[in-house]
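Report on the structure
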Amino acid sequence: EREEPNYFGAGPALLPTSVLQQAAYDLITYEGDNIGIGEISHRSKPAIKVIDDTKANLTKLYNIPDTHEVFFMQGGGTTGFSSIAYNLFANYAHKTGKKGKAAYAVTGSWSKKSAEEAERLGFDVDIVVNTKSEKYGTIPPYSEWKPIDKDTAYLYVCDNETVHGVEFKDIPGPDYLSEGVELVADMSSNILSKQIDVGKYGLIMAGAQKNIGLAGLTIYIIKKSLLEQASDETLRQLNIPIVPIAFHYPTVVKNNSAYNTIPIFTCHILKLVTDKLIEQGGVPAIEKINQEKAKILYEALQAYPDLYSLPVTNPKVRSNMNVVFRLPNEELEAKFIKQAGEKKLAGLKGHRSVGGMRASIYNAVTLDSVKLLVEFVNDFAKANS
Ligand code: PMP
């Protein structure tokens, strides 16, 4: 039992209380057995069912077509940064017999980290857009991005930048993304927050711990054709790094996400969260609520422009998940966070790299919670303007 938290932390983040209650029970005794879900073999029948049911839920929620496959790995988003490069270059070598390169859009700290990691591992990385000079406060239209070179395996974007609060609202069309270049998206902080057309992506990767689960599980949705890879021997000949086995997508998929030990309790939580999402009307329903939450919060902040400022200067790309804002000085910011805490509004401090405030309003944060925050935003403004 707990009082419903009004918690706006960026991740790990809030989960529905009913899910945690069920999970807590299942951790001790699962489906009538005298043993809990975290204690059984990842290859046992109940564990395999958890994996299969979770995959089925994701498939249903996102209308994932037959051309695509869902799988899970440990390691979080950061492991995704490395594994994406390893695997997609191995696929590109299979398709073309060439080493190839990758195009990265740098629109905030997470895409920057991912581009740096691909480069660090020895891959050829081309930055096609970089908004650092605009303090990551906008995403320019694709027509202004550097054209993608031929011999490019994939275009990488971070669909929602958790620290800087910018979110893509559309995906590139054929006029920018030429055929054969795969679209790869990190959706760690907005997976299942809005409707997407999965068929348009080569690969979607997301750590579970922000919008839909606990840390420890990373979700991958991949176009099946990308699971074909050049052999280790060919990769060596082409001077392309070979894929570490725990991150080797074809091996993980062949073993139904249990090539090595999958954190089954974490997967079970994801199953329960997605069950609940389906019950609530699926992604269209949650998207609507998420839009409403973001709308009322941004509007409240914009009503007091002398007090609150929005570092995301382009309103079109403001994130519906991570609402970042600032006050005129750090003393006021500290006061805001302290007084919010007194009202039991928690987790509002911005990322340590940028300061300021950040309200993360993921799926589990209710409209009522956001309304309380809006009320506080208004009251604080009246008292301090
Ligand atoms: N991508 C995004 C968009 C993130 O927000 C984060 C974590 N904050 C990561 C990747 C890294 O995830 P992890 O800590 O699970 O490695």
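All of these numbers come straight from a predicted model, not from anything done at the bench. (Residues numbered from 1 in each chain as written. Predicted model: local features only at pLDDT ≥ 70, side-chain atom pairs only at ≥ 80, totals over all residues.)

What about the domain arrangement of the protein?
Let me state the cut-off plainly: Each domain's extent is set by a domain assignment, obtained either automatically or from a database. Note on contacts: residues are paired as contacts if their backbone-placed C-beta atoms lie within 7 Å. Residue polarity follows a fixed list, in which Ala, Val, Leu, Ile, Met, Phe, Trp, Tyr, Cys and Pro are nonpolar, Asp, Glu, Lys and Arg are charged, and the others, Gly among them, are polar.
According to the domain assignment, the protein contains domain 1 (21-277) and domain 2 (282-384). Summarising the inter-unit geometry, the C-alpha centres of domain 1 and domain 2 are found 28 Å apart. Contacts between the two partners involve 25 residues from domain 1, matched on the other side by 25 residues from domain 2. Taken together, the residues of the side of domain 1 that touches domain 2 break down into eight nonpolar, twelve polar and five charged.

A word on unusual backbone geometry
Generally, phi is negative for residues other than glycine and the peptide bonds are trans, each holding for most cases. The line we're drawing: A run of DSSP states H or I qualifies as a helix once it reaches four residues; a run of E qualifies as a strand once it reaches two. Both are numbered from the N-terminal end. Exposure in this text rests on C-beta crowding, where 20 or more other C-beta atoms within 10 Å of a residue's own make it buried, 12 or fewer make it exposed, and counts in between make it partly exposed. The C-beta atoms are placed from the backbone.
Cis geometry marks the peptide bond from glycine 11 to proline 12; its omega dihedral reads -10°. Take proline 12: it is sitting in the loop between strand E1 (6-7) and helix H1 (17-28). Notably, lysine 135 is not glycine yet its phi reads approximately 55°, a positive angle. Tracing the sequence through the fold places lysine 135 in the loop between strand E4 (125-130) and strand E5 (152-158). Judged by local crowding, lysine 135 falls into the partly exposed class, with 13 C-beta atoms found within 10 Å.

Quick notes on helix H3 (residues 76-96)
Here is the rule we go by: What a helix should span is 1.5 Å times the count of its residues minus one. Note that the bend at a residue is defined as the angle between axes fitted to the seven residues ending at it and the seven residues starting at it.
Helix length check: H3 (21 residues) gives 30 Å between terminal C-alpha atoms against 30 Å at 1.5 Å per residue, within 8%. At serine 83, H3 shows its maximal bend, which comes to roughly 25°. Remark: glycine 97 follows H3 within two positions and exhibits a positive phi of approximately 75°.

A short note on the UniProt feature "domain: Aminotransferase class V" (unreviewed entry) in the protein
Let me state the cut-off plainly: UniProt positions are given in the numbering used here, feature names are shortened, and annotations may be inferred rather than shown by experiment.
The UniProt record annotates "domain: Aminotransferase class V" (unreviewed entry) at residues 8-373. Between the end C-alpha atoms of residues 8-373 there is a gap of 9 Å, over a span that is 36% helix and 14% strand.

Quick notes on the site of the ligand
Applicable threshold: By convention here, the C-beta atom is placed from the backbone, and a residue is near a molecule or strand when that atom is within 6 Å of it.
Every residue lining the ligand is accounted for by Gly11, Gly76, Gly77, Thr78, Trp110, Cys158, Thr162, Asp186, Ser188, Ser189 and Gly207. In terms of residue count, the dominant contributor to the shell around the ligand is H3 (three residues). Looking at the shell around the ligand residue by residue, the classes come out as two nonpolar, eight polar and one charged.

Regarding the pairing of E4
Condition: Should DSSP find at least two bridges between two strands, the strands are taken to pair. Here a crossover is taken to be right-handed if, once the strands point away from the viewer, the path from the first strand over the helix to the second is traced clockwise.
Bridge count for strand E3 (residues 101-106) against E4 is five bridges, and the pairing is parallel. Bridge assignment links alanine 103 to a residue of E4, and that residue is aspartate 126. Taken together, E3, helix H4 (residues 109-120) and E4 form a β-α-β motif whose crossover is right-handed.

Remarks on the sheet that holds strand E8 (residues 218-223)
Across a sheet, strands are paired by hydrogen bonds formed along the backbone, either parallel or antiparallel in direction. Rules: Note on geometry: axes are C-alpha line fits, over the in-contact stretch for helices, and angles between N-to-C directions span 0 to 180 degrees.
Reading across from one edge, E2-E8-E7-E6-E5-E3-E4 is the order of the seven strands in this open sheet, with mixed pairing throughout. Two strands close off the open sheet at either side, each with one partner strand: strand E2 (68-73) and E4. Here the average twist between neighbouring strands, direction ignored, is 20°. In this structure, strand E6 (residues 182-186) lies alongside strand E7 (residues 203-207), joined through three bridges in parallel fashion. The residue of E7 that forms the bridge with alanine 185 is isoleucine 204.

Points about the nonpolar core
The condition that has to hold: We define the nonpolar core as any set of buried residues of the types Ala, Val, Leu, Ile, Met, Phe, Trp, Tyr and Cys, connected via C-beta atoms lying within 7 Å of each other.
In this structure, Phe89, Ala102, Leu297 and Ile361 are the most contacted members of the largest nonpolar core, which totals 114 residues. Take this core: its biggest share by element is nine residues, from H3. When we break this core down by domain, the ones giving at least three residues each are domain 1 (21-277) and domain 2 (282-384). Setting aside its immediate chain neighbours within four residues, phenylalanine 89 contacts Gly100, Phe123, Ala153 and Ile240.

Considerations on the environment of asparagine 6
You can see asparagine 6 is positioned in strand E1. Judged by the 22 C-beta atoms lying within 10 Å of it, asparagine 6 is buried. Expressed as a C-alpha distance, the spacing of asparagine 6 and glutamate 134, which sit 128 residues apart in the sequence, is 32 Å. Beyond its immediate chain neighbours, meaning those up to four positions away, asparagine 6 contacts Lys344, Leu345, Ala346, Ser369 and Leu372.

Some points on the pairing of E2
When you tally the buried positions in E2, you get five out of six residues, the bulk of the element. Bridge analysis of E2 against E8 gives six bridges, and the strand direction is antiparallel. Within E8, the position partnered with methionine 73 by the bridge is threonine 218.

Considering the packing of helix H8 (residues 282-302) against helix H10 (residues 367-384)
Formally: In these notes the angle categories are as follows: under 35 degrees is roughly parallel, over 145 is roughly antiparallel, 65 to 115 is roughly perpendicular, and the rest is oblique.
At their nearest, the axes of H8 and H10 sit 9 Å apart, and the two run at 5° to each other. With respect to their mutual orientation, H8 and H10 come out roughly parallel. Residues Ile289, Glu292, Lys293, Ile296, Leu297, Ala300 and Leu301 of H8 form the contact with H10, whose own contacting residues are Leu367, Val370, Leu373, Val374, Val377 and Asn378. Tallied by class, the residues present in the contact of H8 with H10 amount to ten nonpolar, one polar and two charged.

Observations concerning helix H9 (residues 330-342)
Taking 1.5 Å of rise per residue, the 13 residues of H9 would be expected to cover 18 Å, and the 18 Å separating its terminal C-alpha atoms lies within 8% of that figure. Phi turns positive, to about 60°, at lysine 344, one or two residues after H9.

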